[in-house]
Amino acid sequence: MMEVPRLSVQTFPEHTHFHYVAALARQKAVESISIRSLQASNALLVDGAKASSEREIDVRLLQYGDFFKVLPDSRIPTDGTVVAGSSEVDESMVTGESLPVEKQVQSRVIAGTINGSGTLVVRLTRLPGDNTITTIAAMVDEAKLSKPKLQELADRVASYFVPVVVTLTIVTFIIWIAVGTAVRGKSGSAATVDAITYAITVLIVSCPCAIGLAVPMVVVIASGVAAERGVIFKAAGAIEVAYKTSHVVFDKTGTLTEGRLIVASEHCMANEDVTLALLLGLIGDSRHPVSLAVANHLRSKGTIAAVVSGTKSLTGRGLEAQVAGRTLRAGNSRWLQLSSDATVESVLAQNHTAFCFTIDGALAAVYGLEDSLRAGAARIVSALQKRGVSVHVVSGDDEGAVQHVAAKLDIPSGNIHARSSPADKQAYINCLLGNAAKDEKPTVIFCGDGTNDAVALAQATIGVHMNEGSDVAQSAADVVLMRPDLSGILTIMSMSKRSVNRIRFNFGWSFFYNTFAILLAAGAFVNARIPPAFAGLGELVSVLPVIGAAVLLRWSRT
């Protein structure tokens, strides 16, 4: 007789474990690489502040004491101090704030940030392997690894199911042999046949499928429904815990606000038509966010730009030009020495960014700019507070601007933290997670959009990313809001609550069905039993309610 080869059952678990480990490795790699991709690959090494000679090298070859040149519109290779030149640097990927930062001699620059129109010579202060970018990446990795892992109840129950059913089958077999021989007076062989019939029925009617489907069916359908409403769950664990949310922490710029400056106040001290025409001619071609906001505001009013040529852009100050013997300047109040002017002071007192325009040194116009609140932000914050959720604002912006936004949203002053670095945001989240009583497990949602939010997104119980933000932040988040609408936070919590209720029902039904069906199959009821021929239908009976409970999520309202 030919021997039939047997498959080793060990092959399949090992194969599954391999894919799980590979998937986990890919996930961790993407999270870290996406942040470290901000690191420039090359640097222009120079011989000193005068930069008389230069050569391009791999950034990893930089050493302490080296000087490197940063060209316009290029990424800064590593942390350092400016020794020559001036420029404005876009640090939004680190600080989260949209306004460029003025850099001159003795200013510090940060790895991964983008230089503006000027050229800088920088002395290295931190090696590329230990700069701001790698530090943030390390904190993201640490936060992800330290996040508590959800216990999969379905796996634990299923792991006990088979040995329990086998034990019950053996017990049923033994009891019916004893009943058949001692009580019914049957022969040993007849009693054994009856006992085997009951035991096989118990094995067939017991169904672990309902337990196995209790969680994944709900998670799959809930994820699909949420996606239709603009919410993408990257981690299934977020669905299971979001309903218990106790704190929601928002970043300010780009999250609670639109991230785009608008003109909030306007003061014109001279002939309006002439003044505004000259101002638009001066700033019309500038790409600076403040100039863009004012220029767009003037165009929306129908202002026609005057012809202004020879405009000079002064880094960190503003714009300057000569027209018909008159000197036009537009920029910040510090440069124009107007900070003590009554009109300018009134603008600054409102926590606005002041943009001033002078003609021959005389103040001609002042604009107050602010970042507008995101539509529906006040409604969402109010709804969260009505649910008993504590709302917080953590931002890298100045105290006045953060307080101003928080006041509009009725967020308590004690829940506000300004001038926060990525590490400060992580510490704030840790503080919320650690301040609860020992018998409580707080659930903290952090919602942000910038690279500077990546650490906090990873550290929070659930990190929620606004899709308009950076890819780096998205890689660290558990949930992504595809639409620029904060109502997605409420959708996350509501969908989580409904999903958990469905999961609880599924577990309850699975327990009830298997308990009742096994007792019925084992002959525990005198006048009722399940014939072996129909025992297979038990799987259908057990699974259909589980599927139905999950499918009903499609018609749920959140």
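Cut-offs used in this document
Residues numbered from 1 in each chain as written. Predicted model: local features only at pLDDT ≥ 70, side-chain atom pairs only at ≥ 80, totals over all residues. Heavy atoms only, no water. UniProt positions renumbered as here; feature names shortened; annotations may be inferred. Helix = DSSP H or I, 4+ residues; strand = E, 2+ residues; numbered from the N terminus. Buried < 20%, exposed > 50% of the residue type's maximum accessible area, 1.4 Å probe, protein only. Areas by Shrake-Rupley, 256 points an atom, 1.4 Å probe, with all protein chains shown as cover. Pairing = 2+ DSSP bridges. Contact = heavy atoms within 4.5 Å. Axes fitted to C-alpha atoms, helices over the stretch in contact; angles between N-to-C directions. Phe/Tyr/Trp six-rings, centres within 6.5 Å; stacked < 30°, edge-to-face > 60°. Polar contact = N/O pair within 3.5 Å; in protein donor to acceptor, adjacent residues only side chain to side chain. Core = buried A, V, L, I, M, F, W, Y, C linked by side-chain atoms within 4.5 Å. Arc of directions from axis to C-beta. Salt bridge = Lys/Arg side-chain N within 4 Å of Asp/Glu carboxyl O.

As annotated in an unreviewed UniProt entry, the chain is P-type ATPase A domain-containing protein from Purpureocillium lilacinum. In its Subcellular location (unreviewed entry) section, UniProt records this for the chain: "Membrane". Note on the chain: under the UniProt heading Sequence similarities (unreviewed entry), the record states "Belongs to the cation transport ATPase (P-type) (TC 3.A.3) family. Type IB subfamily."

Right, let's get into the overall build of the chain. Within the chain, the regular secondary structure consists of 19 helices and 22 strands. Going through the 558 residues of the chain one by one, you find that 47% of them count as buried. Working note: accessible area of the chain is about 27300 Å², and carbon and sulfur atoms make up 58% of it.

Let us now look at the sheet that holds strand S18 (residues 390–394). Two modes of strand pairing occur in sheets, parallel and antiparallel, and in both the strands are linked by backbone hydrogen bonds. An order of S10-S22-S21-S20-S11-S18-S19 is seen for the seven strands of this open sheet, with the pairing classed as mixed. In the strand order of this sheet, the two ends are held by strand S10 (231–233) and strand S19 (416–417), each with one partner. Note that strand S11 (residues 245–250) and strand S20 (residues 443–448) share five bridges and pair parallel. Its bridge partner lying in S20, His247 is registered against Val444. Most of the contacts of helix H15 (residues 422–434) go to S20, to which it runs at about 155°, and overall it touches S11, S18, S19 and S20.

Most of strand S16 (residues 353–359) is tucked away: six of the seven residues are buried. Across four bridges, strand S15 (residues 326–331) lies against S16 in antiparallel orientation. Bridging from a neighbouring strand, Leu328 pairs with Ile359 of S16. Across seven bridges, S16 lies against strand S17 (residues 362–373) in antiparallel orientation. What sits directly across from Thr353, in S17, is Leu369. Where S16 folds back on S17, the antiparallel hairpin that results is connected by two residues, among which Asp360 adopts a positive phi of roughly 55°.

Moving on to the packing of aromatic side chains. All chains considered together, the criterion is met by three aromatic pairs. Pairing Trp509 with Phe512 gives two aromatic rings, centres 5.8 Å apart and planes at 40°, and the pair type is tilted. Within this pair, Trp509 and its partner Phe512 are both found in helix H18 (residues 487–521), separated by three residues, close to a single helical turn. Between the aromatic rings of Trp509 and Tyr513, the centroid separation amounts to 6.3 Å while the plane-to-plane angle is 35°, which identifies the pairing as tilted.

This paragraph deals with the sheet that holds strand S8 (residues 114–115). One open sheet holds the three strands; their spatial order is S6-S5-S8, and the pairing between them is antiparallel. Every other strand in the sheet has two partners, leaving strand S6 (101–103) and S8 as the edge strands with one partner each. For strand S5 (residues 87–90) and S6, the ladder comprises three bridges, and the chain directions are antiparallel. Bridged to Val89 within S6 is Val101.

Locating Ser510 in the fold gives a position in helix H18. The class of Ser510 is buried, set by a relative accessible area of 1%. Within polar-contact distance, the side chain of Ser510 engages the backbone oxygen of Asn506 at 2.8 Å. Setting aside residues up to four positions removed in sequence, Ser510 forms contacts with Ala210, Ile211 and Val546.

This part takes up the nonpolar core. Ranked by size, the top nonpolar core spans 65 residues in total, and within it Phe250, Leu384 and Val464 carry the most contacts. The element contributing the most residues to this core is H18, with 13 residues. Contacts of Leu384, omitting those with residues within four sequence positions, involve Val248, Phe250, Val389, Val391, Ile489, Leu490 and Met493. Leu280, Ala293, Ala365 and Leu369 belong to the second-largest nonpolar core, a separate cluster that totals 26 residues.

Helical geometry note: an α-helix holds 3.6 residues per turn, so side chains three or four residues apart project in the same direction. Buried within helix H13 (residues 377–386) are the following residues: Ala377, Ile380, Val381 and Leu384. What you see down the axis of H13 is that its buried residues fit within an arc of 100°, all on one side. Buried residues belonging to H13 abut S11, helix H9 (252–256), S18 and H18. Gly388 sits one or two residues past H13 and shows a positive phi near 85°.

Turning next to unusual backbone geometry. Look at Asp360: it is not a glycine, yet its phi comes out positive at around 55°. Mapped onto the secondary structure, Asp360 falls in the loop between S16 and S17. With a phi close to 60°, Asp410 is a non-glycine residue in the positive phi region. In this structure, Asp410 sits in the loop between helix H14 (399–408) and S19.

Glancing now at the pattern of salt bridges. Scanning all chains against the criterion turns up 12 salt bridges. Between Glu91 and Lys103 there is a salt bridge, with the nearest N and O atoms lying 2.9 Å from each other. Taken together, the residues Glu91 in the loop between S5 and helix H2 (92–95) and Lys103 in strand S6 connect sequence positions 12 residues apart. The residue Asp251 makes a salt bridge to Lys425 at a minimum N-O spacing of 3.3 Å. Note that Asp251 is positioned in the loop between S11 and H9 and Lys425 in helix H15, a separation of 174 residues in sequence. Relative accessible area serves as the criterion here: at 1%, Lys425 is assigned to the buried category. Members of the salt-bridge network, linked through shared partners, are Asp79, Arg126 and Asp130.

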